[in-house]
Amino acid sequence: MFSKKTYTERRRILKEKVGKGLILFFGNDESSMNYADNTYHFRQDSNFLYYFGIQHPGLAAIIDIENDNEIIFGDDYTIDDIVFMGPKPTIAERAGLCGVANALPVAKLGEELDRFRKMGTKIHFLPLYRPEAKIRLHELLGIAPRDVSTTFSVDLVKAIVSQREIKTEEEIAQLNQAVDVTVDMHVAAMRFTKPGMTEAQVAAEIQRIALAAGGNISFPVIATKNGQTLHNHYHGNILKEGDLFLIDAGFENAMCYAGDLSSTIPVSKKFTPVQREIYQLTLDSHQAAIDAAQLNKPFKNVHIAASKTIFEGLKAMGLTKGNADDAFEAGAHALFFPCGTGHMMGLDVHDMEDLGEVWVGYEGKPKSTQFGLKSLRMAKPLQPGHVFTIEPGIYFIPELMDLWRSQNKFNEFINWEAVNKYRDFGGIRNEEDFVMTENGLQLLGKPKPKTVEEIEAIRNEFA
Ligand code: GLY
Ligand code: MN
């Protein structure tokens, strides 16, 4: 945990921003896999973590703004719990560590909320993503699960986003550490991968490093020779000479701060000439994105720069034609780059996505509905303290190629015959993590090998 002062100050600012009413937070509970006691890995809710720092299941908290009163609700371990789980601090002791003076059993939460409801106090709650939290809200406040997405407190969401989006120095230190370990995971995979291995063997090595470093993975590992499938979690293929291998994996450290990096390597010692050409273009696009990431300038510029560089590069190779500005406006680049260039990162790998991308990435303005652009998670101006990824890629997706070609879509921008020759190419992505500062963009963590020369040097030594 950070110091008591950090959490007390975060809640003080939250109270000031929300202004009035009662704020209700649910911590996450254990979630069962196949029977009650066999649970998934426990992960605390990130908003609860941010304001209270307690990594323990089954908690809730209220903040009574007018009366400046805070209570954490949770049940102390019984002797049966202690026998199976070991002794744990009491809820009151845990509350004390984050500067909350009051702790009550979970059963008291309903009584407390009823008191405020009778007084007509506005109760602010979040857009809840876990079914069990929605059921709890229904039991406590009578709000049907299907109505949570339209009745959550927009004031609370806006207040939290405005706080959590600006990372403090102590958070940047955590993020640097999380990214450093993430680099170790990627370099280990670059060295470990050999022709004849399964993707699963490499995925296991990546996860081993995360666990050994005292944390866990920040999202399920992607380690695939089918990199054209953006979030491919299948690990059953055998890697062979000539394959490209895409790795997208991150570390979540003990404080739950995330890293998120992507790398693409040849399974052989070298890229083939065609792989090298497309790989270099993804790096050019990556650099164009970095150059466009400027203080107080919209992140959408970063996406535009990456997309147009890809379109222009493919034009030089004969795969596309026409004007890159017009192609971007029309969405033709999305044949090769159907997702966004990056997202915020922090306590969540896609930071605060539970609060809604429109609030986190678009300042409440509507997102585009155009294929490709609709997947850009963030477009707003970059402020000091914003932490985000840059991860353009080039993907040859045969199903998308066949569909658009059959629809005669973008014939003015795409040379379909030339593109068709790449239908078995796969996909390439590199990803790095950055913080915006008053003095411009800064890479988080130690640099990860990414040039053709750096990657081939590692593969030569270890493949
Ligand atoms: N690293 C997974 C993603 O950014 O979606
Ligand atoms: Mn990412």
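Counting from 1, residues in each chain are numbered in the order their sequence is written. Whichever chain is written first is A, and whichever ligand is written first is 1; the rest continue in order. Note on the predicted model: pLDDT of at least 70 is required for a residue's local features to be given, and 80 or more for side-chain atom pairs to be given and counted; whole-chain, interface and lining totals, by contrast, use all residues. Water and hydrogen atoms play no part in the side-chain values, which are based on all heavy atoms of the structure.

Trainee: Whenever I open this one, empty space enclosed by the protein confuses me. Can you help?
Mentor: The method works on a 1 Å grid over the protein atoms by themselves. A cavity is a set of points holding a 1.4 Å probe that cannot get out, a pocket is an open set with protein on both sides within 12 Å along at least five of seven lines, and residues with an atom within 4 Å of a point line them. Grid points are joined across faces, edges and corners, and a volume is the space filled by probe spheres set on the points. Applying the stated criterion across every chain, the model contains three cavities of 30 Å³ or more. In this structure, the largest cavity encloses a volume near 110 Å³. What lines the largest cavity is Leu 24, Phe 25, Phe 26, Asn 28, Asp 45, Asn 47, Leu 126, Leu 128, Tyr 129, Arg 130, Ala 133 and Asp 354. The helix and strand labels rest on DSSP assignments: H or I over at least four residues marks a helix, E over at least two residues marks a strand, and numbering proceeds from the N terminus. Considering every element that reaches the lining of the largest cavity, the biggest residue donor is strand β1 (residues 22-26), with three residues. When residues are grouped by polarity, Ala, Val, Leu, Ile, Met, Phe, Trp, Tyr, Cys and Pro land in nonpolar, Asp, Glu, Lys and Arg in charged, and all others, Gly among them, in polar. Here the residues of the lining of the largest cavity are counted per class, giving seven nonpolar, two polar and three charged. Here the second largest cavity is characterised by a volume of approximately 50 Å³.

Trainee: Is there a simple way to think about the site of ligand 1 in this case?
Mentor: As a structural note, the neighbourhood of ligand 1 is formed by Phe 219, His 231, Asp 248, Asp 260, His 343, His 350 and Glu 391. In protein, a polar contact requires one atom able to donate a hydrogen and another able to accept it; more generally it is a pair of N or O atoms within 3.5 Å, and residues adjacent in sequence count only if both atoms are side-chain atoms. Measuring from a nitrogen atom of ligand 1, one finds a side-chain N or O atom of Asp 260 at 2.8 Å. One nitrogen or oxygen atom from the side chain of His 343 is found 2.9 Å from an oxygen atom belonging to ligand 1. In short, Shrake-Rupley with a 1.4 Å probe defines the accessible areas, and a residue's cover is counted only from the protein chains shown. Bound to the protein, ligand 1 loses 93% of the 200 Å² it would expose on its own. Here the shell around ligand 1 is built from residues that sort into one nonpolar, three polar and three charged. Think of it this way: one heavy atom of a residue within 4 Å of a molecule or strand is enough to make that residue near it.

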